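Here is how the chains run, residue by residue.
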Amino acid sequence: MTPQAVLNQPLTLPHGTVIKNRLLKSAMSEALGDRDGAPTPEHTRLYQAWADGGIGLCITGNVMIDRGALGEPGNVVIEDDRHMAALQAWAKAATSHGTQCWVELNHPGKQAPKGLNKETVAPSAVPFRADMKAFFATPRELKPAEVRALIQRYGKAAGIVQQAGFSGVQIHGAHGYLVSQFLSPHHNCRTDDWGGTPAKRRRFVLEVYRAMRKAVGPDFPIGIKLNSADFQRGGFTEEESLDTIRALADASIDLIEISGGTYEAPAMTGVKINKEPVKESTRQREAYFLEFAEKARAAVKTPLVVTGGFRTARGMAEAIQSGAVDMVGLARMLAIEPDAPKRLLAGKKPVHQIKPITTGIKAIDKLGLLEISWYTGQLKRIGRGEAPKPNESGLWVFAKQAWHMALAGRTKRPPTKLRAS
Ligand SMILES: Cc1cc2nc3c(=O)[nH]c(=O)nc-3n(C[C@H](O)[C@H](O)[C@H](O)COP(=O)(O)O)c2cc1C
């Protein structure tokens with residue numbers, strides 16, 4: 001079978017949803033929401049470009065469930081149906097040509113830059129590593145009633161996503177945000193019902209899934225993006241991740257996307273952690289987390305996706321043909337070339353190569369956040385109807401981003417009360 005024949009195969013999820021090919025656009029935060037957290041015409045334009053570009057399943061950038069807890073300026077927020085018309089316009093464009101579009105729901109927990117929210121909350125009040133403390137505050141520990149209220153928020157947001165006409169939802173359980181913080185023994189030092197043992201640390205994500213399922217019914221797809229590990233000393237291990245995958249599979253989750261890392265150890269974009277060289281097997285197979293996906297495949301029958309590092313149709317097709325995964329996730333490639341799926345599905349190479357983004361200043365590059373700002377800039381260009389600029393300078397993008405963050409910090413949003421509804 002040729003690589004393009006492998007990638008062109010439709011995938012039927014266990015409850016019957018059909019995805020037209022094996023390419024998944026992984027979540028990329030667009031930072032295009034308006035000041036009230038509503039999606040904008042830029043979202044509609046961007047997602048139309050991805051739907052036109054041939055992707056089978058498009059996951060939105062992370063959408064927040066609490067306007068008092070943003071992860072970045074410009075997040076879309078779903079707390080209630082106040083932005084229904086704008087959500088519907090977004091969903092309509094994103095699902096054209098039979099594209100599946102699932103909304104990624106998130107709460108940043110402690111991973112929100114200082115100044116953006118009035119305070120940050122997390123399972124426990126664990127500070128950031130020393131060189132990040134200037135940018136990220138030590139969070140306040142959540143009270144048990146607040147934990148329960150947050151779970152209800154996830155459920156309510158999922159119901160609104162369904163009402164708006166999207167085709168599914170994805171729980172953001174990866175990259176060091178709230179769900180991932182609950183799973184990690186490093187970030188979750190609780191000794192109540194929500195921590196202290198692996199089963200209690202897993203309880204938050206399972207309750208979030210159940211609240212969503214209750215809101216959307218048995219047939220609406222719910223997926224999760226989950227870390228294979230968080231690559232932090234004393235953190236979430238592969239073993240605990242596999243147990244979490246088994247528990248989610250037992251609860252009948254529809255699709256599991258595997259990634260890894262946190263802001264403090266950003267393995268998700270291929271940054272080397274602890275100066276370990278990238279293994280030759282990983283380099284050849286392109287994907288950063290494929291070895292873990294093989295272990296997950298041996299543990300569960302749930303459809304699996306692995307994201308991070310894919311660059312060629314051959315690498316993608318081999319991952320699927322190996323049997324380890326059912327789909328492959330792509331992110332950065334689609335920020336500089338939204339119609340790369342059409343080319344891959346037609347047996348052509350993408351036009352542009354993914355290159356490391358640097359400012360040339362080590363201290364800044366080490367923070368690992370520049371890549372995100374640079375690619376977000378590309379998404380904004382597409383949203384405005386402009387062509388992406390694959391050769392844009394990293395230093396220029398960093399300077400612009402720092403300025404925007406400073407401005408956003410001057411207009412903080414009030415936190416909303418966490419109450420059960
Ligand atoms: C600009 C940008 C924004 C991102 N935002 C999110 C996000 O909102 N949610 C998420 O799960 N991952 C996010 N990611 C991570 C990607 O989904 C993906 O895991 C990572 O880029 C590795 O895939 P790639 O090698 O194909 O780029 C983001 C990545 C980039 C570059």
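Predicted model only: the values in this text are computed from it and were never measured. (Residues numbered from 1 in each chain as written. Predicted model: local features only at pLDDT ≥ 70, side-chain atom pairs only at ≥ 80, totals over all residues. Heavy atoms only, no water.)

> Any chance you could break down the overall build of the chain for me, citing the residues and the numbers?
Within the chain, the secondary structure is distributed over 15 helices and 13 strands. Taken over the C-alpha trace, the chain has a radius of gyration of 20 Å; the compact-globule value for 421 residues is 22 Å, and the two agree within 12%. Dimensions of the chain along its principal axes, counting C-alpha atoms only, are 55 × 50 × 50 Å. A total of 421 residues make up the chain; the buried ones form 58% of that total. Taking as baseline every contact in the chain between residues at least 6 positions apart, the subset at least 24 positions apart corresponds to 69%. By element, 55% of the accessible surface of the chain is carried by carbon and sulfur atoms, the whole surface being about 17100 Å². Between the averaged position of the 57 positive side-chain charges in the chain and that of its 41 negative side-chain charges there is a distance of 3 Å. (Helix = DSSP H or I, 4+ residues; strand = E, 2+ residues; numbered from the N terminus. Rg over C-alpha atoms; globule rule 2.2 N^0.38 Å. Buried < 20%, exposed > 50% of the residue type's maximum accessible area, 1.4 Å probe, protein only. Contact = heavy atoms within 4.5 Å. Areas by Shrake-Rupley, 256 points an atom, 1.4 Å probe, with all protein chains shown as cover. Lys, Arg positive; Asp, Glu negative; His and termini not counted. Charge placed at Lys NZ, Arg CZ, Asp CG, Glu CD.)

> Lay out the pairing of strand β11 (residues 255-259) in plain terms, naming residues and giving numbers.
Buried residues dominate β11, accounting for five of its five residues. Judged from the five bridges that link them, strand β10 (residues 222-227) and β11 form a sheet pairing that is parallel. Counted as the bridge partner of Lys225 is Glu257 from β11. Where the polypeptide runs from β10 across helix α7 (residues 238-250) and back to β11, its parallel neighbour, the crossover connection is right-handed. In this structure, β11 lies alongside strand β12 (residues 304-307), joined through three bridges in parallel fashion. If you follow Glu257 over to β12, its bridge partner there is Val305. (Pairing = 2+ DSSP bridges. Right-handed = clockwise from strand over helix to strand, strands pointing away.)

> Explain helix α9 (residues 290-299) to me, and be specific about the residues and the numbers.
Considered for burial, the residues of α9 that qualify are Leu290, Phe292, Ala293 and Ala296. Projected down its long axis, α9 shows its buried positions confined to an angular sector of 145°, all on one face. (Arc of directions from axis to C-beta.)

> Go over the environment of Thr312 with me, naming the residues and quoting the values.
Along the chain, Thr312 falls in the loop between β12 and α10 (313-321). Considered as a pair, Thr312 and Pro350 are 38 residues apart in the sequence and their alpha carbons are 7.9 Å apart. Only 3.0 Å separates the side chain of Thr312 from the backbone nitrogen of Gly315, close enough to count as a polar contact. (Polar contact = N/O pair within 3.5 Å; in protein donor to acceptor, adjacent residues only side chain to side chain.)

> If you had to explain the nonpolar core to someone new, which residues and values would you point to?
Counting residues in hydrophobic clusters, the biggest one holds 97 residues, and the most contacted among them are Leu105 and Phe204. With sequence-adjacent residues up to four places away left out, Phe204 is seen in contact with Val147, Ile151, Tyr154, Leu178, Val179, Phe182 and Trp194. Among the nonpolar cores identified, the runner-up in size contains eleven residues, and Leu11, Leu13, Ala27 and Val305 belong to it. (Core = buried A, V, L, I, M, F, W, Y, C linked by side-chain atoms within 4.5 Å.)

> Give me the lowdown on the side chain of Gln111, citing residues and values where you can.
Within the element layout of this structure, Gln111 appears in the loop between β6 (100-106) and β7 (121-122). Engagement of the side chain of Gln111 in a polar contact is seen with the backbone oxygen of His175, the distance being 2.9 Å. Here the side chain of Gln111 touches Gly176 through a polar contact of 3.4 Å, landing on its backbone oxygen. Those residues in contact with Gln111 that lie beyond four places of it in its chain are Gly71, Phe128, Phe136, His175, Gly176, Tyr177, Gln181, Thr262 and Tyr263.

> Outline unusual backbone geometry, listing residues and values.
Residue Phe231 is not a glycine yet carries a positive backbone phi of 60°. Relative to the elements of secondary structure, Phe231 occurs in the loop between β10 and α7. Of note in this structure, Ser252 is not a glycine but carries a positive phi near 70°.

> Give me α10: which residues, what numbers.
An α-helical segment advances 3.6 residues per turn. Residues three or four places apart therefore align on the same side. Listed in full, the buried residues belonging to α10 are Ala313, Gly315, Met316, Ala317, Ala319 and Ile320. Positioned one or two residues after α10, Gly323 has a phi angle of 90°, which is positive.

> Go over the packing of helix α4 (residues 144-164) against helix α6 (residues 198-216), please, and point to the residues and values.
Running from N to C, α4 and α6 cross one another at 35°; their axes reach a closest spacing of 8 Å. Crossing angle aside, the handedness with which α4 passes α6 is right-handed. Between α4 and α6, the residues in contact are Val147, Ile151, Tyr154, Gly155, Ala158, Gly159 and Gln162 and Phe204, Glu207, Val208, Ala211, Met212, Ala215 and Val216, respectively. Here the residues of the contact of α4 with α6 sort into ten nonpolar, three polar and one charged. (Axes fitted to C-alpha atoms, helices over the stretch in contact; angles between N-to-C directions. Left-handed = near helix turned anticlockwise from the far one by under 90°. Nonpolar A, V, L, I, M, F, W, Y, C, P; charged D, E, K, R; others polar.)

> I'd love a proper account of the side chain of His107, names of residues and values included.
With respect to the helices, strands and loops of the structure, His107 is situated in the loop between β6 and β7. Judged by its relative accessible area of 1%, His107 is buried.

> Talk me through the site of the ligand; I want residue IDs and the actual numbers.
Lining the immediate surroundings of the ligand are 22 residues, of which Ala27, Glu104, Lys225, Ala331 and Arg332 lie closest. The separation between an oxygen atom of the ligand and a polar side-chain atom of Arg332 is 2.6 Å. Its free accessible area being 610 Å², the ligand has 97% of it covered by the protein chains. If one sorts the elements of the shell around the ligand by residue count, helix α14 (residues 370-383) sits on top with three residues. (Near = heavy atom within 4 Å.)

Shape is all these values report; function is a separate question.
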